[in-house]
Amino acid sequence: MTNKGWKEIGLIACLVVLAAFVPFVTNGYWLSIAVTAMMYIALATAWTLFSGPTHYISLATGAFFGVGGYLVATGMSDYDINFWVMAAVAPLVAVVLAALVGAATLRLSGIYFVIFTLGLAEMIRGLISWIQNNFLGSRGLYVLTDFSEEHIYWMLLAVAAVVYLIGWLIERSKLGFALKIIGNDEGVAKHLGINTAAAKVVLFMITGYFTALVGVIMAPRYSYIEPNLVFSPELSFLVVIMALLGGTQRLWGPIIGVIPFTLIWEAITVSFPNATTLYLGLSFLLIVYFIPNGVVGLVEKFAKLGDA
């Protein structure tokens, strides 16, 4: 490992340690904001793990998140299964779903993948709602645990740290090298003998696993779970916008986008609840037109100009 690599890991480790002390210096409203921000950091980092190197825009976050949250609620409410057992099982179901979706769409043009993932959360939500209304009776599910906001925050921080570490290792592996070639020119990657479909599906499965795990961890915070809550298409768009705002060229880029966006989003949600969709759309347009490479790309661009 190079000195640069050790420095990066050391810096991230220091940030994780500092972040772990947040619950000790804040509480109430600001701790709630910190939990929300940490949730988006974990989700956006997991999203960048796949979409960053491949340049495929995934809108499946809401689907995987919902699978995690809904399955843990179903297991605990209907079958009295321990939370930790469901926490181990639910992400594996998301991995199977990611494998099926990836195998069906990632062999084709990226546009088919985007379209399918856009409707995935809504399709699952509609299916579950239909089954409930016609066979089980319309009702929500309860996830009752003794977890506090602090516990949920620390679990999300652990997930975010593990996702980053896995992404860091992948970047320096043969898989990471293959993904970089795929992102630059998939045709060239195929001519070099790289199994592009397999590489993309594997990474998509990893993303699905950790996204569902975040959904599992957040379920106790919601306490009451229903399909409309956890299978949220809005969540998918929020994660994409936050990641793009920070920049997907670096695995740590989404962190820069998540924190300011979360603070503004919370302020607008409280003061102007009817303007959230407008804010979402404007943010996406501004990012695409003015900072397509995110804040990280903008900073690196000015740094190169300064060196020149």
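Our structure is the block above this text.
Remember, it's a predicted structure, so these values are computed and weren't measured experimentally.

(A) Layout of the overall build of the protein chain. Of the regular secondary structure elements, the protein chain holds 15 helices and two strands. Relative to the 2.2 N^0.38 estimate, which gives 19 Å for 308 residues, the radius of gyration of the protein chain is 19 Å and therefore close to what a compact globule would have. Seen through its principal axes, the protein chain has C-alpha atoms that stretch 65 × 45 × 40 Å. The buried share of the protein chain, reckoned over its 308 residues, is 48%. Contacts in the protein chain between residues at least 24 apart in sequence constitute 80% of all its contacts with a sequence separation of at least 6. In the structure as shown, the protein chain presents an accessible area of about 15,300 Å², 69% of it carried by carbon and sulfur atoms. Of the side chains in the protein chain, 14 bear a positive and 15 a negative charge, and the two mean positions are spaced by 14 Å.

(B) Spotlight on the layout of surface pockets. Looking at the largest pocket, its volume works out to about 990 Å³. Together, 41 residues line the largest pocket, and Gly-52, Pro-53, Thr-248, Gln-249 and Arg-250 are the ones closest to its centre. Where the lining of the largest pocket is concerned, the elements lending two or more residues are α1 (3-20), α3 (28-54), α7 (149-171), α8 (174-184), α12 (233-246) and α14 (276-290). Looking at which element gives the most residues to the lining of the largest pocket, the answer is α3, with six residues. Across the lining of the largest pocket, the residue classes tally to 21 nonpolar, 13 polar and seven charged. Around the second largest pocket, the lining is made up of 24 residues, and of these Ala-19, Met-38, Ile-41, Ile-255 and Ile-259 lie nearest the centre. Among the secondary structure elements, those contributing two or more residues to the lining of the second largest pocket are α1, α3, α7 and α13 (253-271). For the lining of the second largest pocket, the per-class residue count stands at 22 nonpolar, two polar and no charged.

(C) Seen up close, the side chain of Thr-54. If you trace the backbone, Thr-54 turns up in helix α3. Accessibility expressed as a relative area gives 3% for Thr-54, which makes it buried. Each residue touching Thr-54, except ones within four places of it in the same chain, is listed here: Leu-179, Gly-183 and Lys-200.

(D) Examining helix α6 (residues 110-136) more closely. With 27 residues, α6 should cover 39 Å at 1.5 Å per step; its first-to-last C-alpha distance of 37 Å lies within 8% of that length. Within α6, the axis deviates most sharply at Leu-120, by approximately 35 degrees. Listing the buried residues of α6 in full gives Phe-113, Thr-117, Leu-120, Ala-121, Ile-124, Arg-125, Ile-128, Ser-129 and Gln-132. Against α3, α4 (61-78), α5 (83-105), α10 (196-222) and α11 (227-230) lie the buried residues of α6.

(E) Quick peek at the packing of aromatic side chains. The full count for this structure, using the stated rule, is 18 aromatic pairs. Residues Tyr-70 and Phe-231 carry aromatic rings whose centres are separated by 6.3 Å and whose planes lie at 50 degrees to one another, so their mutual orientation is tilted. Here Phe-231 lies in the loop between α11 and α12 and Tyr-70 lies in helix α4, a separation of 161 residues in the sequence. Phe-231 carries the same exposure label as Tyr-70, and that label is buried.

The rules we used
- Residues numbered from 1 in each chain as written.
- Predicted model: local features only at pLDDT ≥ 70, side-chain atom pairs only at ≥ 80, totals over all residues.
- Heavy atoms only, no water.
- Helix = DSSP H or I, 4+ residues; strand = E, 2+ residues; numbered from the N terminus.
- Rg over C-alpha atoms; globule rule 2.2 N^0.38 Å.
- Buried < 20%, exposed > 50% of the residue type's maximum accessible area, 1.4 Å probe, protein only.
- Contact = heavy atoms within 4.5 Å.
- Areas by Shrake-Rupley, 256 points an atom, 1.4 Å probe, with all protein chains shown as cover.
- Lys, Arg positive; Asp, Glu negative; His and termini not counted.
- Charge placed at Lys NZ, Arg CZ, Asp CG, Glu CD.
- 1 Å grid on protein atoms, 1.4 Å probe; cavity = no way out; pocket = protein on both sides within 12 Å on 5 of 7 lines; lining within 4 Å.
- Points joined across faces, edges and corners; volume = space filled by probe spheres on them.
- Nonpolar A, V, L, I, M, F, W, Y, C, P; charged D, E, K, R; others polar.
- Expected span 1.5 Å × (residues − 1).
- Bend = angle between axes of the 7 residues up to and from the residue.
- Phe/Tyr/Trp six-rings, centres within 6.5 Å; stacked < 30°, edge-to-face > 60°.

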